[in-house]
Amino acid sequence: MKSIRTLSTQLVLLVSTALFFSSVSHAEPQKDGDWWNNPYPKTFDKSQLSNKQDFIQVKGNKLVLSSGEEILLKGMNIADPDKLVRQNQWNKRLFQEVKNWGANSIRLPIHPISWKGLGKAEYFKLIDQAVVWANELNIYLIIDWHSIGYLPDGLFQHVIYETNEQETRKFWKDIAFRYQGVSTIAVYELFNEPTDQGGRAGNADWIEWKEFNEDLIDIIYAHDTDVIPLVAGFNWAYDLRPVKDNPVERPGVAYAVHPYPQKAKPEIKSKENFFKLWEEVWGFLAADYPLMATELGWVQADGYGAHIPVIDDGSYGPRIIEFMQQKNMSWTGWVFDPEWSPTMIKDWSFEPTEQGAFFKKVLSEQ
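I will try to describe carefully the structure that is included in this document. As the structure is a prediction and not an experimental result, all values here were calculated from the model.

For Glu-167, the location among the structural elements is in helix H7 (residues 165-178). A C-alpha to C-alpha distance of 8.9 Å links Glu-167 and Pro-112, two positions 55 residues apart in sequence. Contact partners of Glu-167, with chain neighbours within four places excluded, come to Pro-112, Lys-116, Trp-145 and Glu-162.

Here it is, written out as structure tokens:
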């Protein structure tokens, strides 16, 4: 979903740093002392991990553990780790609470502005911490390159999402190199929400987009084949119809969808009509590939942060869960944060919102 959330106050903290970081993000790397003796990058130190977690792989249209047992990833998005650090909320307590709700996965949305602003070395420290905490709690991680726009045209919804093809390739090269062989990180979501915004951000072409994602997958697989590349469709990761005729031509791929309530617009808002539209636009893919709803949620029209396309009266929750159960889908709710909307929690005491209480109950019953 658009983590900008109508440019409301929840992103002031990130946006206010944009100008400061802009002078840093495109600078040449500093050469300290005898630069020719600078060490090569290192992979993550797996000796820090106390819990042996199975790798997750794609088998047909299912996710399976190394043992062959099927698994569905069900969990929560948290906010960008950089945001959480700045608000003194980056800690194992947050991961433990998500676990307490019944989740087995956490999605980490990494915004280009925070990746560039903090710097790769410092950001790796945060991801390293996330891996250790998640491993201790037997939670799997989804790493998400959290940009919104049409990357081939270099046009984005907001400054916090601005990146380019070279930076995106390098991001995944660096991530795949560092975390190769780390089973706790199960999924790489290659690009959060591709969209041309109805022509306002260029002209999205599926063949072009498919080929770029295949390039990214090749880079990742050159380092590590024990991860699942996750490819999103157009219309802010909602429309996967082009995959029917032109699927991504790489093994082990899964597809992402962000099925917010106002995306489907049936004339009569019955459950059956929503199911029909969801099936036509993205649900059909579950017959052949693992399908993951990596963002979903809602808020009442008069609720905090209400905006298109997340406004709903609450009927969406039971409907989307029932549909995903029929399709054997994994999912991660948006978002376990009291500022970014639609929120799962009201505050940092973790009091659930309306949707938070619903998804907490669903997770506890799985």
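What the second largest pocket holds in volume is close to 190 Å³. Around the second largest pocket sit 13 residues that line it, and Pro-261, Lys-269, Phe-274, Ile-311 and Asp-312 are the ones nearest its centre. Within the residue set of the lining of the second largest pocket, elements represented by two or more residues are helix H10 (271-281) and helix H11 (316-327). Here the residues of the lining of the second largest pocket are counted per class, giving 6 nonpolar, 2 polar and 5 charged.

Contact geometry of helix H6 (residues 120-136) with H7 gives a least axis separation of 12 Å together with a crossing angle of 50°. When the axis of H6 is compared with that of H7, the two are oblique. Note on packing geometry: the crossing formed by H6 with H7 is right-handed. Only Lys-170, Asp-174, Ile-175 and Arg-178 of H7 make contact with H6, whose side of the interface consists of Lys-120, Phe-124, Ile-127 and Asp-128.

Judged by which residues are buried, strand E11 (residues 254-257) turns out to be covered on both faces: Ala-254 and Ala-256 on one side and Tyr-255 and Val-257 on the other are all buried. Examined bridge by bridge, strand E10 (residues 228-232) and E11 share 3 bridges and lie parallel to one another. Residue Ala-232 lies in a different strand from E11, and its bridge partner there is Ala-256. Inspection of the sheet shows E11 paired to strand E12 (residues 291-293) by 3 bridges, in the parallel sense. Bridge assignment links Ala-256 to a residue of E12, and that residue is Met-292. Regarding topology, H10 serves as the crossover connection from E11 to the parallel E12, and that connection is right-handed.

Before going further, it helps to examine the nonpolar core. Grouped together as the largest cluster of nonpolar side chains are 99 residues, with contacts concentrated most on Phe-95, Tyr-188 and Trp-282. Considering each element in turn, this core owes the most residues, 9 residues, to H6. Among residues more than four places away in sequence, those in contact with Tyr-188 are Ile-143, Trp-172, Ile-175, Ala-176, Tyr-179, Ile-220, Val-227, Ile-228, Pro-229 and Leu-230.

Turning to the side chain of Asp-239, a few remarks are in order. As for its placement among the helices and strands, Asp-239 is situated in the loop between helix H9 (234-237) and E11. For Asp-239, a relative accessible area of 14% gives the class buried. Side chain to side chain, Asp-239 and Arg-241 meet in a polar contact 2.7 Å long. Ignoring sequence-local partners within four residues, the contact set of Asp-239 consists of Gly-233, Phe-234 and Val-281.

Here we take up the pairing of strand E1 (residues 56-59). Pairing of E1 with strand E2 (residues 62-65) involves 4 bridges; the strand directions are antiparallel. Residue pairing in the sheet places Val-58 in a bridge with Leu-63 of E2. Once E1 ends, the chain turns through 2 residues before running back antiparallel as E2, passing Gly-60 with a positive phi of about 65°.

Thresholds applied
- Residues numbered from 1 in each chain as written.
- Predicted model: local features only at pLDDT ≥ 70, side-chain atom pairs only at ≥ 80, totals over all residues.
- Heavy atoms only, no water.
- Helix = DSSP H or I, 4+ residues; strand = E, 2+ residues; numbered from the N terminus.
- Contact = heavy atoms within 4.5 Å.
- 1 Å grid on protein atoms, 1.4 Å probe; cavity = no way out; pocket = protein on both sides within 12 Å on 5 of 7 lines; lining within 4 Å.
- Points joined across faces, edges and corners; volume = space filled by probe spheres on them.
- Nonpolar A, V, L, I, M, F, W, Y, C, P; charged D, E, K, R; others polar.
- Axes fitted to C-alpha atoms, helices over the stretch in contact; angles between N-to-C directions.
- Parallel < 35°, antiparallel > 145°, perpendicular 65-115°, else oblique.
- Left-handed = near helix turned anticlockwise from the far one by under 90°.
- Buried < 20%, exposed > 50% of the residue type's maximum accessible area, 1.4 Å probe, protein only.
- Pairing = 2+ DSSP bridges.
- Right-handed = clockwise from strand over helix to strand, strands pointing away.
- Core = buried A, V, L, I, M, F, W, Y, C linked by side-chain atoms within 4.5 Å.
- Polar contact = N/O pair within 3.5 Å; in protein donor to acceptor, adjacent residues only side chain to side chain.

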